[in-house]
Amino acid sequence: MVGPMYDFLANPLGAVRSTFDKAIGSESDPSSFDGKDWGAVDLFRHFLFDQARLSQVPILNGATINWIKPNTLVRFRGMIQDMLGNELYVGAYKDGSAWRTNKFMDISQCPVEFNSPDMRLWDRRLLYCVPVPGLSSWAESTSELAVNMCMDSTSEQRDKRRRMDIEVLDHNDFPVPGDEFEYSPSAKRMREDPSPSQYLDPISEGPCSSHVILPDVDRDSLPCLVKIYDSPESELKLNDVFEFVGVLTFDSEPPSEKVEQDEFSNGLCDDVSVNLPPNKVPRLHCVIHRKLTGYDFLQNAPPTEPKPHLVKEAREALLRHLTSILGNDGVAAHFMLLHLLSRVHARADNVAVGKLSLNLTCISKEIASVFGTKLNIVIKSLLPFTKCIPLTMEYLNTAFLAPKKDYQINRLIPGVLQLAEGSHLIFDETCLETGTLDAVGIENTRLLKALTELQKVEYDFQYYKMEMMADVQILILSEGKSNILPADIIMPFQPSSSGSSDVVPAEVLEAWRWYLATVRSLPHTIESDMQKAVENDLVTARQADRSLGSQDFSRWLTMGRLISASYGETSLSLEHWQMVKELERLRIDRLK
């Protein structure tokens, strides 16, 4: 048996170098690789997906950072919080008679003559990524199998590395990723003191490099600076959630050491190094990336295809549970289910089509302490991204809701409302007391209203403001109708019991998560005969109540879509339309 040609997990740079050498052997001019892949990415894609080895790649997060070795293949799941522009680097250069590449690396493996014509200057995009805001604990993954594989080295190697780490700690010289182009201090020393150890080819490197040591890192919110190669800008957008698979690289230079910029610097690298110190923000050189949905965060998902019997069982069980949690208020439970399935699927003019924000009223502070807590727990157990925000006068007057650009450090400072698509927010207004809003409070209430009504958040770039589209489910708990967050559905809450506190088995929760993630993304149509019946009902309703307007009709159509989806169906039926009208009748009766 012939072993694998490349060790993609422990030595991905070896595969990159080897494929480059093969490609350059058949190409007379390395400029043909400007902004292009020479076959390395295809090899990684075959390894990860065709051979189904993605699950073996360690996930980089706060729990695994100290176990993952530099220069190995990792994956990072996170939201693009800021886009830092492009960075120039020496992508290919001639070392004697041989061409070398620095792609997917921070530091050149050989000294580079910057004035040499035998050099190709390439660029890569810098993305500042963070763990998805509000990520539920069940949606986190430490990829334990892959971490154990990384830790499975000989005791001699572990002892040696432990001694080296202690020496590093004693000298406060933490291993950190390089970020200063190819003319960093280490690269300079490589030119001045070309010791053989500095020219190790990644192909020959063993899999047991030193562990990453990051001091003063918040283990619950480890960010990552992702470097993107050869991808159209339209593929990656602010606030998108991605899984990045690539090479984790670290330099031995502390971030405090500065170097003078030379003519090849575009000024960005120094800013990034100072404001995102590499001993706190890991660097990942992305080989492959893929956009994630809520479905991708499921740990043990049943078959992707929503088979009717699976959907029916999950719907009935989840609806029973919601009814029990809500003190046997079945009407509120039905609206809660539709709310959890809602999403923005289209935009018409200034209308976000598909949203269904829900305001449960008749909830005092005492009732919220019981049912609000239970709702928060159950929603966190069902949805991957969710937050609960108690609204108080102090919070409105002090909270930093909208992201704001700081040009001093060239960073987008995150706000509470910078969220990933599909996030869920619970606003508890029962703590809100009489008071005076200051200028910040007035601006924050305006932002909250815009998010609820339009599904937009206004980002502050100091010299101008930009509206960013959002898709956030909003649930409001209040005693009366909320004046801050104008919801689509106003639902008086009428529990008849204190609600259930039963523990739901893990496998049942997994089935419900699969159900919500799957049916939420189903397409929807209205057949011509059904469309005519709906139009007739809308005309009749308008004649009976002149106060009804386009917003009411839009809400009914959204409810019809969601009821159909809740049954796993993709077209509106007469039965489901009758359910919409009955739910609305019951709700209106409560409002009288």
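Scroll up to find the structure this text is about.
Residues numbered from 1 in each chain as written. Predicted model: local features only at pLDDT ≥ 70, side-chain atom pairs only at ≥ 80, totals over all residues. Heavy atoms only, no water.

### Some points on the side chain of Lys 355
And step 1. Relative to the elements of secondary structure, Lys 355 occurs in the loop between strand 8 (351-353) and strand 9 (358-361).
And step 2. Its relative accessible area of 14% is what places Lys 355 among the buried residues.
And step 3. Of the polar contacts made by the side chain of Lys 355, one reaches the backbone oxygen of Thr 452; its length is 3.3 Å.
And step 4. Reaching out from Lys 355, the side chain makes a polar contact with the side chain of Asp 488 at a distance of 2.8 Å.
And step 5. Sequence-distant contacts of Lys 355, that is, excluding residues within four places in its chain, are made with Ser 342, Arg 343, Val 344, Thr 452, Glu 453, Gln 455, Asp 488 and Thr 558. (Helix = DSSP H or I, 4+ residues; strand = E, 2+ residues; numbered from the N terminus. Buried < 20%, exposed > 50% of the residue type's maximum accessible area, 1.4 Å probe, protein only. Polar contact = N/O pair within 3.5 Å; in protein donor to acceptor, adjacent residues only side chain to side chain. Contact = heavy atoms within 4.5 Å.)

### A closer look at the nonpolar core
And step 1. Of all hydrophobic cores here, the largest spans 74 residues; its most connected members are Met 336, Leu 360, Leu 375, Leu 382, Leu 475, Tyr 515 and Leu 516.
And step 2. Residue contacts for Leu 375: discarding those within four places in its chain leaves Ile 325, Leu 326, Met 336, Leu 360, Leu 475 and Leu 477.
And step 3. Core analysis: the second largest hydrophobic core is formed by 45 residues, Leu 236, Ile 484, Leu 485 and Ala 487 among them. (Core = buried A, V, L, I, M, F, W, Y, C linked by side-chain atoms within 4.5 Å.)

### Considering the packing of aromatic side chains
And step 1. In this structure the tally under the stated criterion is 16 aromatic pairs.
And step 2. Ring geometry for Phe 297 against Phe 385: centres 5.2 Å apart, planes inclined by 90°, an arrangement best described as edge-to-face. Of this pair, Phe 297 sits in the loop between strand 6 (283-291) and helix 7 (308-325) while Phe 385 is found in the loop between helix 9 (365-382) and strand 10 (386-390), placing the two residues 88 residues apart along the sequence. Both residues of the pair, Phe 297 and Phe 385, count as buried.
And step 3. Note on Phe 461 and Tyr 464: the rings are 5.2 Å apart at their centroids and 5° apart in plane angle, and the pair reads as stacked.
And step 4. Overall, Phe 461 belongs to the buried group, its relative accessible area being 13%.
And step 5. Given the relative accessible area of 41%, Tyr 464 is considered partly exposed.
And step 6. Aromatic ring contacts, followed pair by pair, group Phe 20, Phe 33, Trp 38, Tyr 89, Phe 104, Trp 122 and Tyr 229 into a single cluster.
And step 7. Stacked on the ring of Phe 297, the Lys or Arg Arg 77 has its end atom at 5.2 Å from the ring centre. (Phe/Tyr/Trp six-rings, centres within 6.5 Å; stacked < 30°, edge-to-face > 60°. Lys NZ or Arg CZ within 6 Å of the ring centre and 35° of its normal.)

### Things to note about unusual backbone geometry
Phi is mostly negative for residues that are not glycine, and the peptide bonds are mostly trans.
And step 1. Of note in the backbone geometry, Asn 239 takes a positive phi value of approximately 75° without being a glycine.
And step 2. Take Asn 239: it is sitting in the loop between strand 4 (224-228) and strand 5 (241-249).
And step 3. Residue Asn 239 is classed as buried on the basis of its relative accessible area of 9%.
And step 4. In this structure, Gln 455 is a non-glycine residue whose phi angle is positive, near 55°.
And step 5. A residue is classified by how much of its surface remains accessible, and Gln 455, at 2% relative accessible area, is buried.

The quantities given are spatial measurements derived from coordinates; they are silent on function.
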